[in-house]
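An overview of the molecular structure
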Amino acid sequence: MPTTTTRGAARPARAAVSPARPRRGPRGSSTLAFWVFTGPFLVGLLVFVYIPIGWSLWLSFFEARFTVTPDKFVGLDNYRQMLENSDFTGALVTFTVFAALIVPLTWAVSLGLALMVNRLRFMRAFFRSVFFLPTACSYVAASLIWKMSLFSGVRFGLMNTVLGWFGIDNIAWLANPDPPWYWLVIVTARLWLQSGFYMILFLAALQNIPPELYEAAAIDGARPGWQTFRHITLPQLRATSTAVILLLLVAAYQAFDEFFNLLSKTTWGRPPLVELYYTALGQAQDYGAGSAGAVVLTLLICLVTLLQGRFMGFGRRDEAK
């Protein structure tokens, strides 16, 4: 081995240092795992969500009848056509009223179920599963059950059978818009289907409330029940309530399955999505007008959501720090 001399003392020379190999440490492994797990989701999100949204926005400015690759630019004519369509604008107004009814009703029912389940001392998991189980049911299947078994217009329907016990004649729940009994059918079906999901959200929020708050309130003389719920429980559920209301608003304007299966091809009681369905996929197949209507509906949902979030104080900095 070659040596070098320093002040008369011989010592071995340093060996040549080979270039360091790149190591795949924890950071490289986590990055690879991130792209492996999220890559398919991101590709699906791009292909099935963002590209169709962009394509729909592009189609809304063209005359697109029986084709999705138009070449005739019409500007805002499609938007003018949809806003002058009384069926579409009537559906928007009707479903604004529908949202004003179904949103607070679902909020109250889901919160009530969460409060009851949270107070249980035994079989909590059982009742939580029972109330959540309808969420797994198909909207189409639930609509058919409501239509043919519960609210059938003949005397064999469950509701008409119960009314017959009190001497009340059969009611054509879904065949007559005056009075609009079909709203009762649709509201109860949607309430049964979605209350369990929002109950789980409220239940998780209730379990995150520190018990020290209730103990301090009891020491200060607060009575259990409405007083404690109003001044402690409800303020602690503010963020969850805002999120639940926003989700309910979006879901109300996007209602389709139960209306399409319960009301079939009736011209009254159609939601905006059903109107867009018949506009884009009906006999005319006007994809341009349908895309313009979809953009209008999206903007309306965003506007109502922002107003609701503003009213509920969503994103407001917590002042009690």
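So, a few notes on the structure that sits alongside this text.

**Focus on the overall build of the chain**
Scanning the chain for helices and strands turns up 13 helices and two strands. Taking all contacts inside the chain whose residues are at least 6 apart in sequence as the whole, residues at least 24 apart take part in 64%. Here the chain has roughly 20900 Å² of accessible surface; of this, 65% comes from carbon and sulfur atoms.

**Examining the pattern of salt bridges**
The full count for this structure, using the stated rule, is four salt bridges. The partner of Arg80 in a salt bridge is Asp77, with the nearest N and O atoms 2.6 Å apart. With Arg80 and Asp77 both in helix 2 (residues 77-83), this residue pair falls three residues apart, about one helical turn. Among the salt bridges present, the one from Glu258 reaches Arg190, with a minimum N-O distance of 2.6 Å. With Glu258 in helix 11 (residues 257-263) and Arg190 in helix 7 (residues 182-207), this residue pair connects regions lying 68 residues apart in the sequence.

**Overview of the packing of aromatic side chains**
The full count for this structure, using the stated rule, is 24 aromatic pairs. With centroids separated by 5.4 Å and ring planes inclined at 10 degrees, the aromatic side chains of Phe256 and Phe260 adopt a geometry described as stacked. Geometrically, the ring pair formed by Phe256 and Tyr277 is edge-to-face, given 5.8 Å between the ring centres and 65 degrees between the ring planes. Of the two residues, Phe256 sits in the loop between helix 10 (238-253) and helix 11 while Tyr277 sits in helix 12 (residues 272-281), which places them 21 residues apart along the sequence.

**Let's talk about a nonpolar patch on the surface**
On the surface, a nonpolar cluster with roughly 800 Å² of combined accessible area is contributed by Val43, Leu46, Val47, Phe48, Val49, Tyr50, Ile51 and Ile53. Relative to the helices and strands, Ile53 is located in helix 1 (residues 26-59).

**Quick notes on the packing of helix 12 against helix 13 (residues 287-312)**
Here helix 12 crosses helix 13 at 160 degrees, and the two axes come no closer than 7 Å. When the axes of helix 12 and helix 13 are compared, the pair comes out roughly antiparallel. Between helix 12 and helix 13 lies a crossing of left-handed hand. The residues of helix 13 that touch helix 12, namely those facing Pro272, Leu273, Leu276, Thr279, Ala280 and Leu281, are Tyr287, Ala289, Gly290, Gly293, Ala294 and Leu297. Residue composition of the contact of helix 12 with helix 13, grouped by class: nine nonpolar, three polar and no charged.

**A look at the nonpolar core**
Of all hydrophobic cores here, the largest spans 52 residues; its most connected members are Phe98 and Phe259. Broken down by secondary-structure element, the contributors of at least two residues to this core are helix 2, helix 3 (86-119), helix 7, helix 10, helix 11 and helix 13. If one sorts the elements of this core by residue count, helix 7 sits on top with twelve residues.

**Regarding unusual backbone geometry**
The backbone phi angle of Phe66 is positive, close to 65 degrees, even though this residue is not glycine. Following the sequence through the fold, Phe66 ends up in the loop between helix 1 and helix 2. The backbone of Met123 shows a phi angle near 60 degrees, a positive value even though the residue is not glycine. Examined against the element boundaries, Met123 turns out to sit in the loop between helix 3 and helix 4 (124-132). Taking relative accessible area as the criterion, Met123 reaches 44% and is therefore assigned partly exposed.

**What to know about helix 13**
Over its 26 residues, helix 13 runs 37 Å from end to end, which matches the ideal 38 Å to within 8%, given 1.5 Å per residue. Measuring from the backbone nitrogen of Gly288 back to the side-chain oxygen at the start of helix 13 gives 3.4 Å, which picks out Asp286 as the cap.

**Considering the environment of Ala141**
Assignment of secondary structure puts Ala141 in helix 5 (residues 139-150). On the basis of relative accessible area, Ala141 is assigned to the partly exposed category, the value being 32%.

**What about the side chain of Thr279?**
Checked against the element boundaries, Thr279 lands in helix 12. Polar side-chain contacts of Thr279 include one of 2.8 Å to the backbone oxygen of Glu275. Not counting the four nearest positions on each side in its chain, Thr279 is found in contact with Met82, Gln285, Asp286, Ala289 and Gly290.

**A closer look at the environment of Leu158**
Looking at the secondary structure, you find Leu158 in helix 6 (residues 158-165). Residue classification places Leu158 among the partly exposed positions, given a relative accessible area of 44%.

What counts and what doesn't
Residues numbered from 1 in each chain as written. Predicted model: local features only at pLDDT ≥ 70, side-chain atom pairs only at ≥ 80, totals over all residues. Heavy atoms only, no water. Helix = DSSP H or I, 4+ residues; strand = E, 2+ residues; numbered from the N terminus. Contact = heavy atoms within 4.5 Å. Areas by Shrake-Rupley, 256 points an atom, 1.4 Å probe, with all protein chains shown as cover. Salt bridge = Lys/Arg side-chain N within 4 Å of Asp/Glu carboxyl O. Phe/Tyr/Trp six-rings, centres within 6.5 Å; stacked < 30°, edge-to-face > 60°. Patch = residues over 30% accessible without salt bridge, like charges linked within 9 Å, V, L, I, M, F, W, Y side chains within 5 Å. Axes fitted to C-alpha atoms, helices over the stretch in contact; angles between N-to-C directions. Parallel < 35°, antiparallel > 145°, perpendicular 65-115°, else oblique. Left-handed = near helix turned anticlockwise from the far one by under 90°. Nonpolar A, V, L, I, M, F, W, Y, C, P; charged D, E, K, R; others polar. Core = buried A, V, L, I, M, F, W, Y, C linked by side-chain atoms within 4.5 Å. Buried < 20%, exposed > 50% of the residue type's maximum accessible area, 1.4 Å probe, protein only. Expected span 1.5 Å × (residues − 1). Polar contact = N/O pair within 3.5 Å; in protein donor to acceptor, adjacent residues only side chain to side chain.

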